[in-house]
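Okay, here's what each chain looks like letter by letter:
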Amino acid sequence: MLRNALWEGLVAGAAGVAAMTVGEKIEQAVTGRPNSHVPGRVLARLTGASESAGQHSTALNWAMHFGQGIALGVLRSVMAEVGLRGAARIVEVHRRPSDQRPDPRERDRRGSTPANVAPFRAGDRRPPQERLRLRHRCRRRRGGYRIGVNVEPLDTGTVAGHLHLPEGSPRGAVALTHGAGGNCDARILQLMCSRFADAGFLALRYDLPFRRRKPKGPPQPSRAAEDREGVSAAAAELRDRVSGPLLLGGVSYGGRQTSMLAADEPGIADALVLLSYPLHPPGKPEKLRTEQLPKISVPTVFVHGDRDPFGTFDELREALDLLPAATTVIEVTGAAHDLSRAKTDPSESAVSAALHLLEEKKS
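If you're wondering where the values come from, they're calculated on a predicted model, not measured in any experiment. (Residues numbered from 1 in each chain as written. Predicted model: local features only at pLDDT ≥ 70, side-chain atom pairs only at ≥ 80, totals over all residues. Heavy atoms only, no water.)

Overview of the overall build of the protein
The helix and strand tally for the protein stands at 12 helices and 10 strands. Within the protein, the proportion of its 363 residues that are buried is 45%. In the protein, of all internal contacts separated by at least 6 residues, the share reaching a separation of at least 24 is 68%. Summing over all exposed atoms, the protein offers an accessible surface of approximately 18,600 Å²; the carbon and sulfur share of this is 54%. (Helix = DSSP H or I, 4+ residues; strand = E, 2+ residues; numbered from the N terminus. Buried < 20%, exposed > 50% of the residue type's maximum accessible area, 1.4 Å probe, protein only. Contact = heavy atoms within 4.5 Å. Areas by Shrake-Rupley, 256 points an atom, 1.4 Å probe, with all protein chains shown as cover.)

Next up, the structure:
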């Protein structure tokens with residue numbers, strides 16, 4: 001994968017410089033501005049040649065011009081591959097002195113140091129993604145709710161994400177995944193998993209296979225079956241760990257793929273939690289994505305914003321009539337498709353509704 005990142009960075013860097021050069025030549029043709037030989041002079045100085053050589057050498061000028069663009073393209077591609085997203089995240093890794101370790105009995109006021117997480121130390125051999133995500137372990141929501149007090153990374157080779165651990169033995173488990181444009185660090189997933197952990201459930205937020213292949217970009221429709229296999233792998237992982245009821249779900253695309261799997265394999269989950277379910281593409285209500293709903297035989301909670309362009313509440317109510325099992329809708333006032341940006345936190349209501357449906361299913 002690193003080799004692919006190197007090639008992608010090289011091609012992207014070269015293409016970027018080429019596009020910039022074309023624009024520059026057009027501008028020169030219009031304004032009459034002469035060529036700049038600064039890149040050649042800089043390269044001449046760096047290599048020990050005289051600056052006069054760079055002043056008149058087209059080869060040095062082009063070498064410096066394209067070389068730095070390609071080098072930066074490769075650097076950015078490799079950073080994306082290993083999970084580094086810029087200076088802010090690099091600083092985050094090194095923000096604590098290497099000789100300090102948080103007292104397990106204490107946390108700072110912001111709740112940014114969970115008791116079960118040690119700071120980064122010089123020589124730490126954990127994967128960079130694991131180190132960089134430490135800052136997501138424990139945060140406060142407005143109103144004082146703490147996210148992820150007891151969280152640990154999970155990577156089995158087929159399932160990668162974060163486990164939110166309950167106090168004591170879990171009475172059930174839940175696996176939630178992200179949408180087409182996000183990953184398992186989405187704020188709504190952190191909120192939901194923390195709430196489920198507070199309710200005694202082992203809660204997993206995990207990346208789908210398409211996101212593990214590439215840190216950015218949408219999924220490929222032709223490979224959606226692989227993402228459903230990822231949902232199935234997450235379900236199997238939690239079944240091996242917990243004997244209680246299992247809930248599956250996700251945001252938008254992740255929720256849709258989960259519902260399709262539940263329709264094809266009725267026994268894979270005891271309930272579903274679907275956040276911002278994409279009933280249709282924005283502006284195309286005729287292209288419904290509801291064909292699998294009549295085959296879903298387990299209770300389902302829908303969490304939906306009243307300004308979601310992927311489906312109105314009237315359209316959602318029509319879709320609910322297709323499901324033979326019990327359903328509950330949590331309306332998020334003023335929210336669009338991205339529930340992570342909602343002004344109100346729907347996680348408490350959503351988790352309560354899911355637990356209520358499980359209790360009804362028992363009785």
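Picking up where we left off.
Things to note about the side chain of His178
Relative to the elements of secondary structure, His178 occurs in the loop between strand 5 (172-177) and helix 7 (187-198). A polar side-chain atom of His178 sits 3.3 Å from the main-chain carbonyl oxygen of Gly182. A polar contact of 3.0 Å, which involves the side chain of His178, links it to the backbone nitrogen of Leu208. The contact partners of His178, leaving out residues within four places of it in the chain, are Asn183, Cys184, Leu189, Tyr206, Asp207, Leu208, Phe210, Arg211, Val251, Tyr253 and Gly254. (Polar contact = N/O pair within 3.5 Å; in protein donor to acceptor, adjacent residues only side chain to side chain.)

Some points on the packing of aromatic side chains
Under the counting rule described, the total for this entry stands at three aromatic pairs. For the pair Tyr277 and Phe302, a centre-to-centre distance of 6.3 Å together with 80° between the ring planes defines the contact as edge-to-face. A residue pair is termed long-range when its members are at least 10 positions apart, and Tyr277 in the loop between strand 8 (271-275) and strand 9 (300-305) and Phe302 in strand 9 qualify at 25 residues. On the basis of relative accessibility, which here comes to 2%, the residue Phe302 falls in the buried class. (Phe/Tyr/Trp six-rings, centres within 6.5 Å; stacked < 30°, edge-to-face > 60°.)

Here we look at the sheet that holds strand 10 (residues 327-332)
Strand pairing in a sheet relies on backbone hydrogen bonds, with the paired strands running either antiparallel or parallel. Taken in spatial order, the eight strands make up an open sheet running 3-4-6-5-7-8-9-10, and their pairing is mixed. The two strands at the open ends of the sheet, each matched to only one other strand, are strand 3 (151-155) and strand 10. Within the sheet, the average angular offset between the axes of one strand and its neighbour, ignoring direction, is 20°. Both strand 5 and strand 6 (residues 201-206) contribute to a ladder of six bridges, which runs parallel. What sits directly across from Gly172, in strand 6, is Phe201. Contacts from helix 10 (residues 253-264) reach strand 5, strand 7 (246-251) and strand 8, with the element oriented near 140° to strand 7. (Pairing = 2+ DSSP bridges. Axes fitted to C-alpha atoms, helices over the stretch in contact; angles between N-to-C directions.)

Here we look at the nonpolar core
Of all hydrophobic cores here, the largest spans 37 residues; its most connected members are Leu204, Tyr206, Leu238, Leu248 and Leu272. At the level of elements, strand 5, strand 6, helix 9 (224-241), strand 7, helix 10, strand 8 and helix 11 (313-320) are the ones that each hand at least two residues to this core. Here this core takes five residues from helix 9, the largest share from any one element. The next biggest cluster of nonpolar side chains, apart from the first, holds 28 residues, and it includes Ile188, Val251, Ala271 and Val273. (Core = buried A, V, L, I, M, F, W, Y, C linked by side-chain atoms within 4.5 Å.)

Observations regarding the pattern of salt bridges
By the definition in use, this model includes 14 salt bridges. Among the salt bridges present, the one from Asp345 reaches Arg195, with a minimum N-O distance of 3.1 Å. With a gap of 150 residues between them, Asp345 in the loop between strand 10 and helix 12 (347-362) and Arg195 in helix 7 connect regions that are remote in the sequence. Asp345 gets classed as partly exposed once you look at its relative accessible area, which sits at 23%. Across the pair Glu237 and Arg241 runs a salt bridge whose closest N-O atoms are separated by 2.9 Å. Of this pair, Glu237 and Arg241 both sit in helix 9, separated by four residues, roughly a single helical turn. Take Glu237: its relative accessible area is 17%, and that puts it in the buried class. With a relative accessible area of 41%, Arg241 lands in the partly exposed category. (Salt bridge = Lys/Arg side-chain N within 4 Å of Asp/Glu carboxyl O.)

Details of the confidence of the model for the protein
Overall, the predicted model of the protein reaches an average pLDDT of 80, with 71% of residues at or above 70. This stretch, residues 82-144, has a pLDDT under 50; its non-local contacts, to residues over four places away or in other chains, come to 104 contacts. (pLDDT = per-residue confidence, 0-100.)

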